Amino acid sequence: MSAEENRVDVEIYGVRYALKGDAAPETMVDMSRDVDEKMRQVLQRNPGLSLYKAAILTALNMSEELYALKEEYNNLVQMLELERNRKSK
């Protein structure tokens, strides 16, 4: 981590956490809100889940979203490279 480590207190599904990191405090708060929202969605659809299992499902759902975004990004980079190569010929 950098010399400028930020710290924020957040709440995710009723549990308080102290986060430390390089990201801007606003970013860390926004990320924790995203996690809280996704946890609430998972638990609304599956009210009998423990918080542990809801957290795992939330992580898997968010990982699926990240994977899709990475795939989309890689496809866009490939398209740009193809276009660049086509123009340079």
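Whatever comes next refers back to the structure up there.
Residues numbered from 1 in each chain as written. Predicted model: local features only at pLDDT ≥ 70, side-chain atom pairs only at ≥ 80, totals over all residues. Heavy atoms only, no water.

Caption draft 1: Just the environment of Lys20, in detail. Turning to its location among the elements, Lys20 is positioned in strand β2 (residues 15-21). According to the relative accessible area criterion, Lys20 is exposed, its value standing at 56%. Between the alpha carbons of Lys20 and Asn6 there is a distance of 5.5 Å; along the sequence they are 14 residues apart. (Helix = DSSP H or I, 4+ residues; strand = E, 2+ residues; numbered from the N terminus. Buried < 20%, exposed > 50% of the residue type's maximum accessible area, 1.4 Å probe, protein only.)

Caption draft 2: Inspection of a nonpolar patch on the surface at higher detail. A surface patch of nonpolar side chains, amounting to about 330 Å² of accessible area, comprises Tyr13, Val15, Tyr17 and Leu51. Within the element layout of this structure, Leu51 appears in helix α2 (residues 51-88). For Leu51, a relative accessible area of 42% translates into the label partly exposed. (Patch = residues over 30% accessible without salt bridge, like charges linked within 9 Å, V, L, I, M, F, W, Y side chains within 5 Å. Areas by Shrake-Rupley, 256 points an atom, 1.4 Å probe, with all protein chains shown as cover. Salt bridge = Lys/Arg side-chain N within 4 Å of Asp/Glu carboxyl O.)

Caption draft 3: Region of the structure containing the nonpolar core. Among the nonpolar cores identified, the biggest contains five residues, and these are Ile12, Met39, Val42, Leu43 and Ala54. Top contributing element to this core by residue count: helix α1 (residues 25-45), with three residues. Discounting chain neighbours no more than four positions away, the residues touching Met39 are Ile12, Tyr13, Leu51, Ala54, Ala55 and Thr58. (Core = buried A, V, L, I, M, F, W, Y, C linked by side-chain atoms within 4.5 Å. Contact = heavy atoms within 4.5 Å.)

Caption draft 4: Seen up close, the pattern of salt bridges. Across all of its chains, the model carries six salt bridges by this definition. In this structure, Asp36 and Arg40 form a salt bridge, with 2.9 Å as the shortest nitrogen-oxygen distance. A residue pair is termed a helical-turn pair when its members lie 3 or 4 positions apart in one helix, as Asp36 and Arg40 do in helix α1 at four residues.

As far as function goes, none of this settles anything; it's purely spatial.
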